[in-house]
Structures are given as C-alpha cells and as structure tokens.
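# Results of the structural survey
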Amino acid sequence: MSAANCLFCRIIRREIPSEVVYENEKVLGFRDIRPQAPVHALFIPKKHVAGVREIDGQSAPEFGDLVLAANESASKLGVSGKGYRLVVNQGADGGQTVDHLHVHLLGGRPMAWPTG
Ligand code: AMP
Ligand code: ZN
C-alpha cells in the first residue's frame, strides 16, 4: 500500500475528514469512526509506516511519539484517572484492517480481557 492511496495518509492530507484530537509535526490523533468505547481515538505517524512489525531500531522513537500523544490525549479526553487501554493490531490475525501503523486509545468504560 503506497502513501498515495493509504486511507490514513489521506486523512493526514485532509482528503478524508476526521475529528482530530491531537496533532504535532510527527503525529496525528483522531476519533475512530466505529468507536468501541466512549473514548476511542487512533494515533498515527505522519510518515507512512505499514505496521508495528516495520518498527526497527531507527524508527522505534516514532512509536514512542505515538504513545506520548495517546497518553497526553487520555488526560485531555478525561480518561487518564480511571485508566485506559492502548492497543496495536498487527497483520490479519492481529486484527489489523488499515496498513498504516496506529495505536488505539480506548477508555471511558472498564476493559475486560480478551474481548473488551
Ligand atoms: P485496526 O483494525 O487495528 O487496523 O484499526 C483500524 C481502525 O480504523 C478501526 O477501528 C476502524 O473503525 C478505523 N477507521 C477506519 N476508517 C476510518 C476513518 N475514515 N476515520 C476514522 N477511523 C477509521
Ligand atoms: Zn499511510
């Protein structure tokens, strides 16, 4: 999947609308279109990376940027006190449906393992 027709790259370029909850020069955070919890947002690198499997020694700090953005947004969105879940799905069996690395932030209700 190239950046040209990647769904999340198109959201970054504002070709597809989204409800942005966080943005800096490296990361975009926006509400998930099919929320699984009262707060459900996605955090993506502005540089196209297909998935967490593509993270290597060089790009590992970029993954940290996603976590920082999710943590900050959890506070802003009011779910940091009671706790929240960060999820990354990798590949078909992992449940990944969009091949652009993303961290899910889920909160606002108790999350039960494994189906939550
Ligand atoms: P995953 O299944 O981990 O690849 O997560 C992809 C997520 O992207 C799903 O939770 C979808 O609901 C979400 N999604 C798909 N299209 C959009 C969109 N246009 N805007 C916001 N979220 C989306
Ligand atoms: Zn992309």
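Reading the values: rules and limits
Residues numbered from 1 in each chain as written. Chains lettered and ligands numbered in written order. Predicted model: local features only at pLDDT ≥ 70, side-chain atom pairs only at ≥ 80, totals over all residues. Heavy atoms only, no water. Pairing = 2+ DSSP bridges. Helix = DSSP H or I, 4+ residues; strand = E, 2+ residues; numbered from the N terminus. Axes fitted to C-alpha atoms, helices over the stretch in contact; angles between N-to-C directions. Donors = N, O, S within 2.8 Å, 3.2 Å for Na, K, Ca; no water. Tetrahedral: all angles 85-135°; square planar, octahedral: opposite > 155°, others 65-115°. Phe/Tyr/Trp six-rings, centres within 6.5 Å; stacked < 30°, edge-to-face > 60°. Buried < 20%, exposed > 50% of the residue type's maximum accessible area, 1.4 Å probe, protein only. Core = buried A, V, L, I, M, F, W, Y, C linked by side-chain atoms within 4.5 Å.

### Things to note about the sheet that holds strand E4 (residues 84-87)
Taking strand neighbours across the sheet as the criterion, the 5 strands line up as E1-E2-E3-E5-E4 in an open arrangement whose pairing is antiparallel. Each edge of the open sheet is held by one strand with a lone partner, namely strand E1 (20-23) and E4. Between one strand axis and the next, the sheet turns by 20 degrees as a mean value, whatever way the strands run. Relative to strand E3 (residues 39-45), strand E2 (residues 27-31) runs antiparallel, the two being bridged by 5 bridges.

### A word on the coordination of the zinc ion (ligand 2)
Tetrahedral coordination by four donors places them ideally at 109.5 degrees to one another around the metal; octahedral coordination by six donors ideally gives 90 or 180 degrees. The protein atoms that coordinate the zinc ion (ligand 2) are Cys6 (SG), Cys9 (SG), His48 (ND1) and His100 (ND1), at distances of 2.1 to 2.3 Å. Angles of 104 to 117 degrees at the metal separate the 4 donor atoms of the zinc ion (ligand 2), which places the site in the tetrahedral class. Along the chain, the residues that donate to the zinc ion (ligand 2) are spaced as C-x2-C-x38-H-x51-H. Of this pair, Cys9 sits in helix H1 (residues 7-12) while His48 sits in the loop between E3 and helix H2 (60-76), placing them 39 residues apart in sequence.

### Things to note about the pairing of E1
In terms of strand pairing, E1 meets E2 through 3 bridges, oriented antiparallel. Directly across from Val20, in E2, lies its bridge partner Phe30. Turn length for the E1-E2 hairpin, with the two strands adjacent in sequence and antiparallel, is 3 residues.

### Considering the packing of aromatic side chains
Evaluation of the coordinates by the stated rule reveals 2 aromatic pairs. An angle of 80 degrees between the planes, with centres 5.4 Å apart, marks the rings of Phe8 and Phe30 as edge-to-face. Taken together, the residues Phe8 in helix H1 and Phe30 in strand E2 connect sequence positions 22 residues apart. Grouping residues by exposure puts Phe8 and Phe30 together as buried. Where Tyr22 meets Phe43, the ring centres are 6.4 Å apart and the plane angle is 70 degrees; that geometry is what we call edge-to-face. On the criterion of sequence distance, the pair formed by Tyr22 in strand E1 and Phe43 in strand E3 is long-range, its members being 21 residues apart. The exposure classification of Tyr22 matches that of Phe43, with both residues buried.

### Remarks on the environment of Leu68
By secondary structure assignment, the location of Leu68 is in helix H2. Residues Leu68 and Asn89 lie 21 residues apart in sequence; the distance between their C-alpha atoms is 18 Å.

### Side note on the nonpolar core
One finds Val21, Tyr22, Val27, Phe43, Leu66, Ala69 and Leu105 to be the most contacted residues of the largest nonpolar core, which totals 15 residues. Only E1, E3, H2 and strand E5 (103-107) provide two or more residues apiece to this core. Considering every element that reaches this core, the biggest residue donor is H2, with 4 residues. One finds Cys6, Cys9, Ile11 and Ile12 within the second-largest nonpolar core, a separate group that totals 10 residues.

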